[in-house]
Amino acid sequence: MTALTPISRTPVSFYASVVAAAGALAGLFVGTAQGSGLLGIIIGAIAMGALAFVLTQVIKAEKPGIWGSVVLLAVIGFLLGGIPALVIGALFGWFFAWFSFWLYEGRYRRKLPPYLTPGQVLWHFAFRVICGAILVFLITPILVVMPLSFNAENFFTFTPEMLRFDPAGYSLKHYRAFFNSSDWQNALRNSVMIAPAATLLSVGFGTLAAIGLSQPHVPFRRAIMAILISPMIVPLIISAAGMYFFYSRIGLQGTYIGVVLAHAALGIPFVIITVTATLVGFDRSLTRAAANMGASPIRTFFKVQMPLILPGVISGGLFAFITSFDEVVVVLFVGSAGQKTLPWQMFIGLREQISPTILAVATLLVVISVMLLTTLELLRRRSERLRGMSPS
């Protein structure tokens, strides 16, 4: 690809300072893990700034410099912390070497418009760094939980065997405990029964509501929309308490029907939002043409409208399913011991007995959520193609 902006090498004071700042950030995490964050910041800044200077002013060849940095930091990491630190050191070596040459050669401006000021260029990359930092902050707990679920011991911490990548430190016994436990299997069965039923109700009512509210002649449709999506806005504990007092008066508290209806109420807003977003690009002349050809409203809906809004309907259904499958607050209020779901069983396990089986269940739920969200993204792209848009 042709560069948008002619690139040229930058002065040492610029790229060495930026690399030193990045090294200080990395040193903060490494130093904190070793017991001294301030010392880590100082050492990281000095070491990475010096590394950038040596790579660009002494070695000058990019590939040998990158490989040399990988080997050097991998050896230092191994001496300090064994195999895990070796892997982290190798990754640090590759990144900081590549980062040094990327700044030194001026390649960071290659795909940017030439009229951007230095401040705009700084914000362009700072915004991406901030978003990446937030992403890392959000997914780090998940990345910690998943390997811990394979712990061979009944601990919630990494054992020395796990840190050495010793096969003896890893086991599937917590997954076997999940599949062999009657309590966990009963909770799984309840979740599998409740979540699909709640999803079907959410999809049915949410799709009809979205189609109705998309009509311009409906009075007070904005107020009705605000009421229907209020379960997403109102704190969950308030919704749960309200449902409890209401269900206790009509005899639905502690029943499967009550839990299903409560979860359906929580899932309907997701269906309404996704289907409404799909209807924005819907060509209403298609339904009028079908009506002119003699098709009934029901036939028009299933033959013309539904195929085009189906990606939005399925997306809303997936959100509703995830909401029901992961929900614990409402089911604690409106359910009973007979409707104990997986999140409820995990809550009990954390409160009454600390067992790594909870980590195994959490890992399985994360895998299921990732699969569903991947499906959701594929459906979003398909919906955009059907509407004549290019996926961003």
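From a predicted model like this one, the values you see are computed outputs, not experimental measurements.

About the criteria used
Residues numbered from 1 in each chain as written. Predicted model: local features only at pLDDT ≥ 70, side-chain atom pairs only at ≥ 80, totals over all residues. Heavy atoms only, no water. Helix = DSSP H or I, 4+ residues; strand = E, 2+ residues; numbered from the N terminus. Rg over C-alpha atoms; globule rule 2.2 N^0.38 Å. Buried < 20%, exposed > 50% of the residue type's maximum accessible area, 1.4 Å probe, protein only. Contact = heavy atoms within 4.5 Å. Areas by Shrake-Rupley, 256 points an atom, 1.4 Å probe, with all protein chains shown as cover. Core = buried A, V, L, I, M, F, W, Y, C linked by side-chain atoms within 4.5 Å. Phe/Tyr/Trp six-rings, centres within 6.5 Å; stacked < 30°, edge-to-face > 60°. Axes fitted to C-alpha atoms, helices over the stretch in contact; angles between N-to-C directions. Parallel < 35°, antiparallel > 145°, perpendicular 65-115°, else oblique. Left-handed = near helix turned anticlockwise from the far one by under 90°. Salt bridge = Lys/Arg side-chain N within 4 Å of Asp/Glu carboxyl O. Nonpolar A, V, L, I, M, F, W, Y, C, P; charged D, E, K, R; others polar.

(A) Summary view of the overall build of the protein chain. In terms of helices and strands, the protein chain carries 16 helices and zero strands. The C-alpha atoms of the protein chain give 28 Å as radius of gyration, which overshoots the globular expectation for 392 residues (21 Å, by more than 25%). Principal-axis analysis of the C-alpha atoms places the extent of the protein chain at approximately 80 × 55 × 30 Å. Within the protein chain, the proportion of its 392 residues that are buried is 36%. Partitioning the contacts of the protein chain with sequence separation of at least 6, the portion at a separation of at least 24 is 67%. Surface exposure of the protein chain reaches about 22500 Å², of which carbon and sulfur atoms provide 73%.

(B) Summary view of the nonpolar core. Core analysis: the largest hydrophobic core is formed by 24 residues, its most contacted members being Tyr15, Val19, Met48, Phe96 and Leu103. Contributions of two or more residues to this core are made by α1 (12-34), α2 (37-59) and α3 (62-104). No other element matches α3, which puts 12 residues into this core. If near-sequence neighbours (up to four positions away) are discounted, Met48 is found in contact with Val19, Gly23, Leu73 and Phe96. With 15 residues, the next largest nonpolar core counts Ala240, Met243, Leu252 and Trp344 among its residues.

(C) Spotlight on the packing of aromatic side chains. For the coordinates displayed, the defined rule picks out 20 aromatic pairs. For the pair Trp102 and Tyr108, a centre-to-centre distance of 6.1 Å together with 65° between the ring planes defines the contact as edge-to-face. Given the relative accessible area of 18%, Trp102 is considered buried. When the ring of Trp102 is compared with that of Phe125, the centres are 5.4 Å apart and the planes differ by 90°; the resulting orientation is edge-to-face. Of the two residues, Trp102 sits in helix α3 while Phe125 sits in helix α4 (residues 118-148), which places them 23 residues apart along the sequence. What links up through ring pairs into an aromatic cluster is the set Phe14, Phe92, Trp94, Phe95, Phe96, Trp98, Phe99, Trp102, Tyr108 and Phe125.

(D) Region of interest: the packing of helix α7 (residues 182-213) against helix α13 (residues 297-326). Where α7 meets α13, the axes come as close as 8 Å, and the angle between the chain directions of the two elements is 135°. Here α13 runs oblique to α7, going by the angle between their axes. Relative to α13, the crossing made by α7 is right-handed. Here Ser191, Val192, Ile194, Ala195, Pro196, Ala198, Thr199, Ser202, Val203, Thr207 and Ile211 of α7 lie close against α13, whose contacting residues are Phe301, Gln305, Ile309, Val313, Gly317, Ala320, Phe321, Ser324 and Phe325.

(E) Spatial organisation of the pattern of salt bridges. All chains considered together, the criterion is met by one salt bridge. The residue Glu62 makes a salt bridge to Arg107 at a minimum N-O spacing of 3.1 Å. Pair noted here: Glu62 is in helix α3 and Arg107 is in the loop between α3 and α4, with a separation of 45 residues, a long-range link. Exposure remark for Glu62: the relative accessible area of 27% places this residue in the partly exposed category.

(F) Structural context of the packing of α7 against helix α11 (residues 256-279). Where α7 meets α11, the closest approach of the two axes is 6 Å, and the angle between their N-to-C directions is 45°. Classified by the angle their axes make, α7 and α11 are oblique. At the point where α7 passes α11, the crossing takes the right-handed sense. When its residues are assigned to classes, the contact of α7 with α11 shows 20 nonpolar, seven polar and no charged.

(G) Focus on unusual backbone geometry. Phi is positive for Lys60, close to 70°, though the residue is something other than glycine. Its place among the elements puts Lys60 in the loop between α2 and α3. Phi at Phe220 takes a positive value of approximately 55°, unusual for a residue other than glycine. Along the chain, Phe220 turns up in the loop between α7 and α8 (221-228).

(H) View of the environment of Tyr104. Relative to the elements of secondary structure, Tyr104 occurs in helix α3. Remark: the alpha-carbon pair of Tyr104 and Thr56, spanning 48 residues in sequence, is separated by 7.2 Å. Excluding its chain neighbours within four sequence positions, the residues that come into contact with Tyr104 are Ser8, Arg9, Thr10, Tyr15, Thr56 and Gln57.

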